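A structural walkthrough
This is what each chain is made of:
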Amino acid sequence: MSEAHAITVDVVSDVVCPWCFIGQKRLDKAVAAAGNVDVHIRWRPFQLDPTIPPQGKDRREYMLAKFGSDERIREIHARIEPLGEAEGISFAFDAIRVAPNTLDAHRLIRWAGAAGEAVQNRLVRRLFQLNFEEGVNIGDHAVLVEAAREAGMDASVVATLLPTDADVEAVRTEIATASRMGISGVPCFLLEGKYAVMGAQDADTLADAIRQVAAAKARGELDKVG
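Overview of the structure.

Definitions and limits used
Residues numbered from 1 in each chain as written. Predicted model: local features only at pLDDT ≥ 70, side-chain atom pairs only at ≥ 80, totals over all residues. Heavy atoms only, no water. Helix = DSSP H or I, 4+ residues; strand = E, 2+ residues; numbered from the N terminus. Buried < 20%, exposed > 50% of the residue type's maximum accessible area, 1.4 Å probe, protein only. Contact = heavy atoms within 4.5 Å. Areas by Shrake-Rupley, 256 points an atom, 1.4 Å probe, with all protein chains shown as cover. Lys, Arg positive; Asp, Glu negative; His and termini not counted. Charge placed at Lys NZ, Arg CZ, Asp CG, Glu CD. Core = buried A, V, L, I, M, F, W, Y, C linked by side-chain atoms within 4.5 Å. Axes fitted to C-alpha atoms, helices over the stretch in contact; angles between N-to-C directions. Parallel < 35°, antiparallel > 145°, perpendicular 65-115°, else oblique. Pairing = 2+ DSSP bridges. Right-handed = clockwise from strand over helix to strand, strands pointing away. Expected span 1.5 Å × (residues − 1). Arc of directions from axis to C-beta.

Attention shifts here to the overall build of the chain. Of the regular secondary structure elements, the chain holds nine helices and six strands. Projected onto its principal axes, the C-alpha positions of the chain cover 55 × 40 × 30 Å. The burial tally for the chain puts 46% of its 226 residues in the buried class. Restricting to contacts in the chain with at least 6 residues of sequence separation, those with at least 24 account for 76%. Counting every atom, the chain has about 11000 Å² of accessible surface; 51% of that belongs to carbon and sulfur. Looking at charge distribution, the chain has the averaged site of its 26 positive side-chain charges lying 3 Å from that of its 33 negative ones.

Of all hydrophobic cores here, the largest spans 63 residues; its most connected members are Leu123, Leu127, Met153, Leu191 and Ile210. Core analysis: the next-biggest nonpolar cluster, separate from the first, contains five residues, Tyr62, Met63, Ile73 and Ala99 among them.

The next subject is the packing of helix α4 (residues 103-115) against helix α8 (residues 168-180). In the contact formed by α4 and α8, the axes pass within 10 Å of each other and the chain directions differ by 95°. Put simply, α4 runs roughly perpendicular to α8. Of the residues in α8, those touching α4 at Leu103, His106, Arg107 and Arg110 are Val168, Ala170, Val171, Arg172 and Glu174.

Turning our attention to the side chain of His77. Within the secondary structure layout, His77 lies in helix α3 (residues 70-86). Residue His77 is classed as buried on the basis of its relative accessible area of 8%. In this structure His77 touches Arg59, Met63 and Phe93, once residues within four positions along its chain are discounted.

Side chains Cys188 and Leu190 of strand β5 (residues 188-191) all project onto a buried face; the interleaved residues Phe189 and Leu191 project onto the opposite face, where all are buried too. Pairing analysis gives four bridges linking strand β1 (residues 6-13) to β5, with the strands arranged antiparallel. Its bridge partner being in β5, Val9 is matched across the sheet by Leu191. Relative to strand β6 (residues 195-198), β5 runs antiparallel, the two being bridged by four bridges. Paired with Phe189 across the bridge in β6 is Val197. What sits between β5 and β6 in their antiparallel hairpin is a turn of three residues, with Glu192 showing a positive phi close to 55°.

Burial along strand β2 (residues 38-45) is one-sided: Val39, Ile41, Trp43 and Pro45 are buried, while Asp38, His40, Arg42 and Arg44, pointing the other way, are not. Where β1 and β2 come together, eight bridges link them in parallel fashion. Its bridge partner lying in β2, Thr8 is registered against His40. Since β1 and β2 lie parallel, the crossover through helix α1 (residues 18-33) that links them has a hand, and here it is right-handed.

Let us look at α8. Counted at 1.5 Å a residue, the expected span for α8 with its 13 residues is 18 Å, and the 19 Å between its end C-alpha atoms agrees. Buried residues of α8: Val168, Val171, Ile175 and Ala178, and no others. Taken around the axis of α8, the buried residues stretch over an arc of 95°, which confines them to a single face. The exposed set on the far side of α8, more than 90 degrees from its buried face, consists of Glu169 and Arg180. Against the buried residues of α8 lie β1, β2 and α4. Backbone geometry just downstream of α8 places Gly182 in the positive-phi region, at approximately 95°.

Right, here's the structure in full:
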């Protein structure tokens, strides 16, 4: 496969964003539908709410403070659940007891990226599953260590690094960079670092964008953008 048909997609997302989970599933379909384009995926950090304390907050209380009533929360969940079901996601919102701070999860995703694209992809998928389908607290270090092990990382190294400040500033800097780029909502798919597809677009839209950018790259036109 020629290098001209290889492109990189940076996915700016947060693992507690249901639309990001839907977006991940749709991106998988888009990659499969994109034909002979070799798509390399990198996961980039974003925090929907960096003010949540490290130990997290009671999710029901957090959601009530944010949306005002149980009825409103139910309406929001009811809109998202069938969209998830269409992508093979079994959202279990009622099982989620803790609204976690996701900074440590993003540090782990960063380390997974250093271990390889496949490892990072496995880890991100597992974190989405743990939070949304199993209601597990992904702010808990023990949960993150186990997720790392399942993804093929060295769990003992992760267990040693998590209690430290390793890469805290690096992740915060990446989040700040995304904000400066104008990314205020997620998911955001950055193709070749030049074209942004905002939101959990359908797989056909993503696949079309991937094909167009790959074709432009093959023609040598991306260097003219910017």
